[in-house]
Amino acid sequence: MKKMTIFLAVIISMPLIADGHLDSEKAVMDLVLKHWEARDNNDYQTQADLMSPSGTYNANSDGSFFRFASENSAETMEKNMGGQSSSLNVNYPEAIALSDDVVLARYYLEGVISNPAGTVSNYRTRVTHIWVKESSGWKTKSWHFSPLHDGGRHITSAVDFQEE
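Residues numbered from 1 in each chain as written. Predicted model: local features only at pLDDT ≥ 70, side-chain atom pairs only at ≥ 80, totals over all residues. Heavy atoms only, no water.

S.K.: Please set out the overall build of the chain residue by residue, giving values where relevant.
M.R.: When helices and strands are tallied, the chain shows four helices and six strands. The helix and strand sequence of the chain, counted from the amino end, reads α-α-α-β-β-α-β-β-β-β. In the chain, buried positions account for 40% of the 164 residues. Partitioning the intrachain contacts of the chain with sequence separation of at least 6 by distance along the chain shows that 56% fall at a separation of at least 24. For the chain, the exposed surface amounts to about 9,700 Å²; the carbon and sulfur share of it is 56%. (Helix = DSSP H or I, 4+ residues; strand = E, 2+ residues; numbered from the N terminus. Buried < 20%, exposed > 50% of the residue type's maximum accessible area, 1.4 Å probe, protein only. Contact = heavy atoms within 4.5 Å. Areas by Shrake-Rupley, 256 points an atom, 1.4 Å probe, with all protein chains shown as cover.)

In structure tokens:
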């Protein structure tokens, strides 16, 4: 009977382990929301602070190639955003701890993005977002955006095609 009780306790707790209930998963989900709030507020410093200082591996939803960003400073982000503004919402977020120092977050991102000319585009994408625990806390190490059909796409900017 004791073995059965332990077995049931493990089975019942499994959804809690993989459903954002671990401290690391909760911390990362909070940071995902913090990042997109900073993006909507053009707070480039907060966005940069959430990136790994050793660089990030990225793929945008516009179909551009995977690329390594060696620098994620507030100045670089502001330059790369090119005066875009956004209103984006994180939908159906999940976080799964892959190890003690790696968390996979995945979610849908939906809203609008406008460029400096005033053109407003709908934006709908899936995001796979890898966070690593570094000496200064949880940092984005990689993310991949894949467009959802019937929605807007990332507005391609020149930086998407520049070599570093």
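Moving on from the model shown.
S.K.: Can you lay out the pattern of salt bridges for me, pointing to particular residues and giving the numbers?
M.R.: Evaluation of the coordinates by the stated rule reveals three salt bridges. Where Lys26 meets Asp30, a salt bridge forms, and the shortest distance between an N and an O atom there is 3.0 Å. In this pair, Lys26 and Asp30 are both assigned in helix α2 (residues 23-40), four residues apart and thus about one turn of the helix distant. On the accessibility criterion, Lys26 (45% relative accessible area) is partly exposed. (Salt bridge = Lys/Arg side-chain N within 4 Å of Asp/Glu carboxyl O.)

S.K.: Got a sec to walk through the packing of aromatic side chains? Specific residues and values, please.
M.R.: Applying the stated criterion across every chain, the model contains five aromatic pairs. Put simply, the rings of Trp36, Trp143 and Phe145 pair up and form one aromatic cluster. (Phe/Tyr/Trp six-rings, centres within 6.5 Å; stacked < 30°, edge-to-face > 60°.)

S.K.: So, the sheet that holds strand β3 (residues 85-99): which residues are in play, and what are the values?
M.R.: Spatially, six strands are ordered β2-β1-β6-β5-β4-β3 in an open sheet, and the strand pairing comes out mixed. Both outer strands of the open sheet, β2 (67-69) and β3, are each paired with one neighbouring strand and no more. For this sheet, the mean angle separating the axes of adjacent strands, direction not counted, is 25°. Where strand β5 (residues 120-134) lies against strand β6 (residues 137-147), 10 bridges are found, and the strand directions are antiparallel. For Lys133, the partnering residue across the bridge sits in β6 and is Trp138. α2 contacts β3, β4 (102-114), β5 and β6 of the sheet and is inclined by roughly 160° relative to β3. (Pairing = 2+ DSSP bridges. Axes fitted to C-alpha atoms, helices over the stretch in contact; angles between N-to-C directions.)

S.K.: Run through the environment of Leu50, naming residues and quoting values.
M.R.: With respect to the element layout, Leu50 can be found in the loop between α3 (44-49) and β1 (56-59). Look at Leu50 and you get buried, because its relative accessible area is 6%. Considered as a pair, Leu50 and Thr140 are 90 residues apart in the sequence and their alpha carbons are 6.1 Å apart. Setting aside residues no more than four positions away along its own chain, Leu50 makes contact with Leu31, Lys34, His35, Trp131, Trp138, Lys139 and Thr140.

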